[in-house]
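Inside the fold
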Amino acid sequence: MGKGGKSHEETKSGEDENMAAWLVGLNTLKIQPFKLPPLGPHDARVRMKAVGICGSDVHYLKTMRCADFVVKEPMVIGHECAGIIEEVGSEVKNLVPGDRVALEPGISCWRCDLCKDGRYNLCPEMKFFATPPVHGSLAHQVVHPADLCFKLPDNVSLEEGAMCEPLSVGVHACRRANIGPETNVLVMGAGPIGLVTMMAARAFGAPRIVIVDVDDNRLSVAKNLGADGIVKVSTDMQDVAEEVERICKAMGGGVDVSFDCAGFNKTMSTALSATRAGGKVCLVGMGHHEMTVPLTPAATREVDVIGIFRYRNTWPLCIEFLRSGKIDVKPLITHRFGFSQKEVEEAFETSAGGGSAIKVMFNL
Amino acid sequence: MGKGGKSHQEGEENMAAWLVGLNTLKIQPFKLPPLGPHDVRVRMKAVGICGSDVHFLKTLRLADFVVKEPMVIGHECAGIIEEIGSEVKNLVPGDRVALEPGIGCWRCDLCKEGRYNICPDMKFFATPPVHGSLARQVVHPADLCFKLPDNLSLEEGAMCEPLSVAVHACRRANISPETNVLVMGAGPIGLVTLVAARAFGAPRIVVVDVDDYRLSVANNLGADGVVKVSTNMQDIPQEVERICEMMGAVGVHVTFDCAGFNKTMSTALSATRAGGKVCLVGLGHNEMTVPLTPAAAREVDIIGIFRYKNTWPLCIELLRSGKIDVKPLITHRFGFSQKEVEEAFETSARGGDAIKVMFNL
């Protein structure tokens, strides 16, 4: 079980060499061969069909690092993915070749106390697609544990399957924040994460959702996707007080939970000030390392700050939300590309450009 | 029901310690309000000085609260019931009681939810414009006066107030036999947090401070380990290492920042294990610069603590049973005279070996 390195032993006659998009250096992606590891008894070999680009993928491309993770040698990029089972290991009972599956990227150790406690997303030994040194999944095929491949119902497309990954971040945040029919929600940032968080919050029953952003287009997308109120904000710290006023007015009542899906001093400060006493602020977005925020006034109103890192046990719920139509992620997929050298480069440029590009999807 | 204004008909003139201006306390008459049907009149016997009292003395403000006119100081108190209102069933004159300072409105949704400590209309002893309780007598709602068992002194009754902050923090942080605890700061609040965490079952507690004497007090009060730290941000990685070594392999589950500075909060966020909690108890600076993102990326949550709710019965029981002993924290005692009031506040403001300064009236 691993993510790349050794040759796949049986080379079926006529089968193509597995190719993947490798991050080989700063701003440099190359489609190159990617040798699959041997199929373990609990693994599945998956033909990738849909892979989305995440902000973290772009960040690695642009800087070769993300927090403490550094790309020291070439690494396959991508982690938001879905595909079709080609082969299953000897002990796999839940899947057969031909099954359409969405993949949960991270393999945890299952021996440490965090894993055993169910908080496996925090496992210190986590092996996660495209977090160095683990190879990602923007490839023709990958090998992955079968228990991390979730079967898609007939009415959910492979692209929607790939969208389960960003949607999972929103779902995990809503669970940690206890979103329900009584929690008014504020979302800072109408980018892909802000938007899936908004949709997840609605699916969890949030009665009123206000979303803020600096960009008019993203705000109008948010409105079309069901936001009860949208507020245009600035990047200027001086504007916090006035923006808090406009937010509370748009909410019509207090803000019970704020999701900071951007993660900057400005957004966090606004969230802390806008949230009512006894409420929660979830820091979802990974902006700056050190932040300067009005922590004490928030603490004296018992506004708690909840940390969000990836997700755990979210695929079944995401799939059900998509199957039932409670959530529709299809409008978030704004750009599509095929899997060629030129298109891979163009796709990443598009995603990095932000603006009207929300989710850029590869169809393989 | 109120905290001052009209004269009380019978007996002596009531006197109190008033904050009349910057650094100026004066013992002056304090007219009690009429006794409402649900009120009691209490003769104060023990009143402790809190850091917030000292802060009001030195600056005439605290966060958004500003002392605009003379105000009676003090809020950590216990005394003896003198008179009860017509509807009071739970107390009789002669009862020894500890007082919970804050009157919630009981109409807003926070109060109705039980989170009355964050009621926006809270009337709290010595938070302007509400008068405090460093006085010979006060009038207070009977439901906020808690009877003390025979084996508890009135001074211990007064200590229920700071102890309540710690108990509330331990509840919000879910302290249990499985939570290793780190306490930043060995002042009065850090020390009551240490003893409360132990009472809640914490198996291992490490306390840090810049002051050797305070660390030795923490040691004597049962800390499993003490670590001397600096005020220098550069020292954080090294201090986190020493703290984690002292705590043991499992790590820190919950950290209480009882000081509330960038340094202590940054250390707390770095020292706490993934999935753990940091409680911000101490009210240091308004804006703080801290490594928030790395903490959030390990799902280390920050829990805010403001005063307490529903803590007096538990504090009294913990003291009664001996599970907690607060008596060692009372280091200095003063009587209720102009000179002693001034001296007491000076002593408390000085910190160091002065942990809890107590008035005996």
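Predicted model, so just to flag it, every value in this text is computed and none were measured. (Residues numbered from 1 in each chain as written. Chains lettered and ligands numbered in written order. Predicted model: local features only at pLDDT ≥ 70, side-chain atom pairs only at ≥ 80, totals over all residues. Heavy atoms only, no water.)

Focus: the overall build of chain B
When helices and strands are tallied, chain B shows ten helices and 21 strands. In terms of overall dimensions, chain B is globule-like: its C-alpha atoms have a radius of gyration of 20 Å, near the 21 Å expected for 361 residues. Taking all 361 residues of chain B together, the buried fraction comes to 59%. Taking contacts inside chain B between residues at least 6 apart in sequence as the whole, the part at least 24 apart equals 72%. About 14200 Å² of surface is accessible on chain B, with carbon and sulfur atoms providing 52% of the total. Seen as two clouds, the 38 positive and the 41 negative side-chain charges of chain B have centres 2 Å apart. (Helix = DSSP H or I, 4+ residues; strand = E, 2+ residues; numbered from the N terminus. Rg over C-alpha atoms; globule rule 2.2 N^0.38 Å. Buried < 20%, exposed > 50% of the residue type's maximum accessible area, 1.4 Å probe, protein only. Contact = heavy atoms within 4.5 Å. Areas by Shrake-Rupley, 256 points an atom, 1.4 Å probe, with all protein chains shown as cover. Lys, Arg positive; Asp, Glu negative; His and termini not counted. Charge placed at Lys NZ, Arg CZ, Asp CG, Glu CD.)

Topic: the interface of chain B and chain A
Taken together, the contact pairs 35 residues of chain B with 34 residues of chain A. Across the chain B/chain A interface, buried area totals approximately 3000 Å², and carbon plus sulfur atoms make up 54% of it. Of all residues in chain B, Leu292, Thr293 and Glu299 of chain B bury the most surface against chain A, accounting for 21% of the area lost on that side. At the junction of chain B and chain A, the tally comes to nine salt bridges. Taken together, the links from chain B to chain A amount to 26 residue pairs in polar contact (both at pLDDT 80 or more). Contributions of two or more residues to the side of chain B that touches chain A are made by helix 2 (109–112), helix 3 (154–172), strand 17 (272–280), strand 18 (288–290), helix 8 (292–296) and strand 19 (301–304) of chain B. (Buried area = accessible area lost by both parts, 1.4 Å probe. Salt bridge = Lys/Arg side-chain N within 4 Å of Asp/Glu carboxyl O. Polar contact = N/O pair within 3.5 Å; in protein donor to acceptor, adjacent residues only side chain to side chain.)

Some words on the nonpolar core
Within the largest apolar cluster, 64 residues are counted, with the highest numbers of intra-cluster contacts made by Leu163, Ile175, Leu191 and Phe256 of chain B. Elements with a contribution of two residues or more to this core: helix 2, helix 3, strand 13 (181–184), helix 4 (188–199), strand 14 (205–209), helix 5 (212–220), strand 16 (252–257) and helix 9 (312–320) of chain B. For this core, the element with the highest residue contribution is helix 3 of chain B, accounting for ten residues. In this structure Leu191 of chain B touches Ala186, Val217, Ala218, Leu221, Leu329 and Ile355 of chain B, once residues within four positions along its chain are discounted. Counting 63 residues, the second-largest nonpolar core is a separate cluster that includes Ala82, Met126, Ile308 and Ile358 of chain A. (Core = buried A, V, L, I, M, F, W, Y, C linked by side-chain atoms within 4.5 Å.)

Some details on the packing of helix 3 of chain B against helix 9 of chain B
Residues and elements named next belong to chain B. Remark: helix 3 packs on helix 9, axes separated minimally by 8 Å, with the N-to-C direction vectors making an angle of 110°. By the criterion of interaxial angle, the relationship of helix 3 to helix 9 is roughly perpendicular. Considering the relative orientation of helix 3 and helix 9, their crossing is right-handed. In this structure, helix 3 contributes Glu156, Cys160, Glu161, Leu163, Ser164, Val167 and Arg171 to the contact, and helix 9 contributes Trp312, Leu314, Cys315, Ile316, Leu318 and Leu319. By residue class, the composition of the contact of helix 3 with helix 9 is nine nonpolar, one polar and three charged. (Axes fitted to C-alpha atoms, helices over the stretch in contact; angles between N-to-C directions. Parallel < 35°, antiparallel > 145°, perpendicular 65-115°, else oblique. Left-handed = near helix turned anticlockwise from the far one by under 90°. Nonpolar A, V, L, I, M, F, W, Y, C, P; charged D, E, K, R; others polar.)

With respect to the environment of Arg172 of chain B
With respect to the secondary-structure elements, Arg172 of chain B resides in helix 3. Separated by 14 residues in the primary sequence, Arg172 of chain B and Ala186 of chain B have C-alpha atoms spaced 20 Å apart. Not counting the four nearest positions on each side in its chain, Arg172 of chain B is found in contact with Glu302 and Asp304 of chain A together with Arg115, Lys277, Ile303, Gly304 and Ile305 of chain B.

A look at the pattern of salt bridges
All names here are of chain A. Overall, the coordinates contain 37 salt bridges over all chains when judged by the stated rule. Between Arg246 and Glu242 there is a salt bridge; the shortest N-O distance is 2.5 Å. In this pair, Arg246 and Glu242 both sit in helix 6 (residues 240–251), four residues apart, roughly one turn of the helix. Residue classification places Arg246 among the partly exposed residues on the basis of a relative accessible area of 34%.

Comments concerning helix 4 (residues 192–203) of chain A
Residues and elements named next belong to chain A. Its twelve residues place the ends of helix 4 17 Å apart at the C-alpha level, agreeing with the 16 Å of an ideal helix rising 1.5 Å per residue. Counting buried positions over the twelve residues of helix 4 gives nine, a clear majority of the element. Along helix 4, the residues that are buried comprise Gly194, Leu195, Val196, Thr197, Met198, Met199, Ala200, Ala201 and Ala203. Summarising the contacts, the buried residues of helix 4 are in contact with helix 3 (158–176), strand 13 (185–188), strand 14 (209–213), helix 5 (216–224), strand 16 (255–260) and helix 9 (315–324). Just downstream of helix 4, Gly205 is the residue with a positive phi angle, here 105°. (Expected span 1.5 Å × (residues − 1).)

Focus on the domain arrangement of chain A
All names here are of chain A. Domain annotation of chain A identifies domain 1 (19–151 + 329–363) and domain 2 (169–307). In this complex, domain 1 contributes nine residues to the contact, which on the side of domain 2 involves ten residues. Summing both sides of the interface, domain 1 and domain 2 together bury roughly 710 Å²; the carbon and sulfur share of this comes to 67%. Summed over the three residues of domain 1 that lose the most area to domain 2, namely Leu332, Gly355 and Ile358, the buried surface amounts to 59% of that side. There are zero salt bridges connecting domain 1 and domain 2. Seen at the junction of domain 1 and domain 2, the total is two residue pairs in polar contact (both at pLDDT 80 or more). Partitioned by chemical class, the residues of the side of domain 1 that touches domain 2 number five nonpolar, three polar and one charged. (Domains from an automatic or database assignment.)

Quick notes on the packing of aromatic side chains
Residues and elements named next belong to chain A. Per the counting criterion, the structure on display carries 13 aromatic pairs over all chains. Summarising the aromatic geometry, the rings of Trp22 and Phe34 are spaced 5.7 Å apart at their centres and angled 85° between planes, so their arrangement reads as edge-to-face. Highlighted residues: Trp22 in strand 1 (residues 19–25) and Phe34 in the loop between strand 2 (28–33) and strand 3 (43–52), separated in sequence by twelve residues. The burial state of Trp22 is the same as that of Phe34; both residues are buried. With 6.3 Å between their ring centres and 40° between their planes, Phe348 and Phe362 make a pair best called tilted. With Phe348 in helix 10 (residues 341–353) and Phe362 in strand 21 (residues 359–363), this pair connects stretches of sequence that are 14 residues apart. Each member of the pair, Phe348 together with Phe362, is buried. Among the aromatic residues, those joined into a ring-pair cluster are Phe128, Phe150, Tyr311 and Trp315. Here the guanidinium or amino end of Arg310 rests over the ring plane of Phe128, the centre of that ring lying 3.6 Å away. (Phe/Tyr/Trp six-rings, centres within 6.5 Å; stacked < 30°, edge-to-face > 60°. Lys NZ or Arg CZ within 6 Å of the ring centre and 35° of its normal.)

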